[in-house]
Amino acid sequence: MKGVLKTISVFAWILVLASMLAPLMPLPDPNAVELGQRLMPPFVNGHVLGTDLLGRDLLARLLSGTRTSLLVAIAATCVSLIAGTCIGITSGFYGGKTDTVLMRGVDLVMAFPYLVFALAIVAVLGPGIGNALMAIAVVNVPFFARTVRGAALELAQSRYVEASRALGASNARLVLFHLLPNLSPTLLTACGTTFSWMLLETAGLSFIGLGAQPPHADLGTMLSDSRRLMLVHPLSPLIPGLALVLLAVSGNLLAARRT
């Protein structure tokens with residue numbers, strides 16, 4: 001089992017590296033339509049993975065879509081991390097009425113199914129990869145806020161924090177030099193898990209047409225475009241599907257190593 005998981009991680013890292021270096025590679029334009037070469041099999045006419053329904057190179061499109069999905073998931077994770085950490089630390093460190101008000105706000109957001117809430121946000125803002133990013137980031141803020149709040153509440157009552165406060169340390173110094181460094185393992189684990197969620201959530205929004213818009217694509221758009229080709233040209237939906245699985249599983253594996 002460990003060998004299988006290690007192999008998944010290796011392939012995922014290869015995919016990540018290749019997608020980031022894709023602009024430097026001699027690959028065709030991922031959005032170039034060639035109707036005369038539609039649904040080509042692999043290794044024909046220079047197309048390593050073949051072509052899709054519109055004759056676009058699958059390898060170039062895979063790497064471009066993977067890069068877009070990764071960047072959106074990473075950006076959304078960072079936004080949720082910063083916002084959720086600020087809310088969680090403020091709530092756990094100060095406690096009292098501040099904790100009550102902030103946590104009731106978090107509970108209000110969590111009362112809605114997160115995917116339905118994300119769909120509502122995108123419906124208001126309009127379809128697009130940037131709006132999908134913001135929607136996914138917003139609905140995941142409560143996860144970070146709850147996680148950080150629990151850890152910060154415990155740390156705020158620890159002896160070394162009380163000793164530093166007795167020596168005259170300011171609240172800013174306590175947060176920056178005592179709470180945040182000790183919260184880093186918790187935050188890294190949460191980031192790894194949340195990254196996988198956000199990757200799949202981004203793909204889900206794109207799959208129903210609310211994420212990346214044509215001609216640009218991410219992995220979810222590629223799946224949506226090729227979902228009817230499973231019997232005719234199975235590589236078209238299979239390739240982005242496998243890429244999603246590899247990246248999501250690897251994100252969880254990376255998070256598990258931090259625990």
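Predicted, not measured: the structure shown is a model, and the values here were computed from it.

Thresholds, definitions, all that
Residues numbered from 1 in each chain as written. Predicted model: local features only at pLDDT ≥ 70, side-chain atom pairs only at ≥ 80, totals over all residues. Heavy atoms only, no water. Helix = DSSP H or I, 4+ residues; strand = E, 2+ residues; numbered from the N terminus. Buried < 20%, exposed > 50% of the residue type's maximum accessible area, 1.4 Å probe, protein only. Contact = heavy atoms within 4.5 Å. Areas by Shrake-Rupley, 256 points an atom, 1.4 Å probe, with all protein chains shown as cover. Lys, Arg positive; Asp, Glu negative; His and termini not counted. Charge placed at Lys NZ, Arg CZ, Asp CG, Glu CD. Axes fitted to C-alpha atoms, helices over the stretch in contact; angles between N-to-C directions. Parallel < 35°, antiparallel > 145°, perpendicular 65-115°, else oblique. Left-handed = near helix turned anticlockwise from the far one by under 90°. Nonpolar A, V, L, I, M, F, W, Y, C, P; charged D, E, K, R; others polar. Core = buried A, V, L, I, M, F, W, Y, C linked by side-chain atoms within 4.5 Å. Disulfide = S-S within 2.5 Å. Polar contact = N/O pair within 3.5 Å; in protein donor to acceptor, adjacent residues only side chain to side chain. Salt bridge = Lys/Arg side-chain N within 4 Å of Asp/Glu carboxyl O.

Draft legend 1. Broad picture of the overall build of the protein. Each helix and strand counted, the protein has nine helices and zero strands in total. Counting from the amino terminus, helix and strand elements in the protein follow one another as α-α-α-α-α-α-α-α-α. If one aligns the C-alpha atoms of the protein with their principal axes, the spans along those axes are about 75 × 40 × 35 Å. Taking all 259 residues of the protein together, the buried fraction comes to 42%. Long-range contacts, defined here as pairs at least 24 residues apart, represent 71% of the contacts in the protein between residues at least 6 apart. As displayed, the protein offers around 13400 Å² of accessible surface, 71% of which is attributable to carbon and sulfur atoms. On the protein, the mean spot of the 17 positive side-chain charges and the mean spot of the 11 negative ones are 9 Å from each other.

Draft legend 2. Structural view of the packing of helix H7 (residues 171-207) against helix H8 (residues 219-226). Where H7 meets H8, the axes come as close as 7 Å, and the angle between the chain directions of the two elements is 40°. Taken together, H7 and H8 sit at an angle that is classed as oblique. H7 and H8 meet at a crossing whose hand is right-handed. Residues Ala203, Ser206 and Phe207 of H7 form the contact with H8, whose own contacting residues are Gly220, Thr221, Leu223 and Ser224. Within the contact of H7 with H8, the residues separate by chemical class into three nonpolar, four polar and no charged.

Draft legend 3. Seen up close, the nonpolar core. Residues Leu15, Leu62, Ala76, Leu199, Leu219, Met222 and Leu247 are the most contacted members of the largest nonpolar core, which totals 31 residues. Those elements that place two or more of their residues in this core are helix H2 (58-94), helix H4 (114-125), helix H5 (129-156), H7, H8 and helix H9 (235-258). With eight residues, the single largest contributor to this core is H2. In this structure methionine 222 touches Leu58, Arg61, Leu62, Ala217 and Pro240, once residues within four positions along its chain are discounted. Of all hydrophobic cores here, the second largest spans 13 residues; its members include Ala151, Ala152, Leu155 and Ala156.

Draft legend 4. Geometry of the environment of threonine 221. On the secondary structure map, threonine 221 appears in helix H8. Taking C-alpha positions, threonine 221 is 18 Å from arginine 38, a pair spaced 183 residues apart along the chain. Among residues more than four places away in sequence, those in contact with threonine 221 are Ser206, Ala212 and His216.

Draft legend 5. Region of the structure containing the state of the cysteines. Using the criterion set out here, one finds zero disulfides in the structure. Left unpaired, cysteine 191 is separated from the closest cysteine sulfur, that of cysteine 78, by 7.1 Å. Taking the relative accessible area as the measure of exposure, cysteine 191 reaches 17% and is therefore buried.

Draft legend 6. Region of the structure containing H8. Across the eight residues that make up H8, a large majority, six, are buried. Within the span of H8, buried status applies to Leu219, Gly220, Thr221, Met222, Ser224 and Ser226. The residue sitting at the N-terminus of H8 and contributing the capping side-chain oxygen is aspartate 218; that oxygen lies 3.2 Å from the backbone nitrogen of glycine 220.

Draft legend 7. Representation of the pattern of salt bridges within the structure. Under the definition given, this model contains six salt bridges. Note that aspartate 107 and arginine 104 form a salt bridge whose closest N and O atoms lie 2.8 Å from each other. Note that aspartate 107 and arginine 104 are positioned in helix H3 (residues 96-110) at a spacing of three residues, about one turn of the helix. By relative accessible area, which is 26% here, aspartate 107 ends up partly exposed. Each of Asp52, Arg56, Arg61 and Asp225 takes part in one network of salt bridges that share partners.

In short, geometric facts, not functional conclusions.
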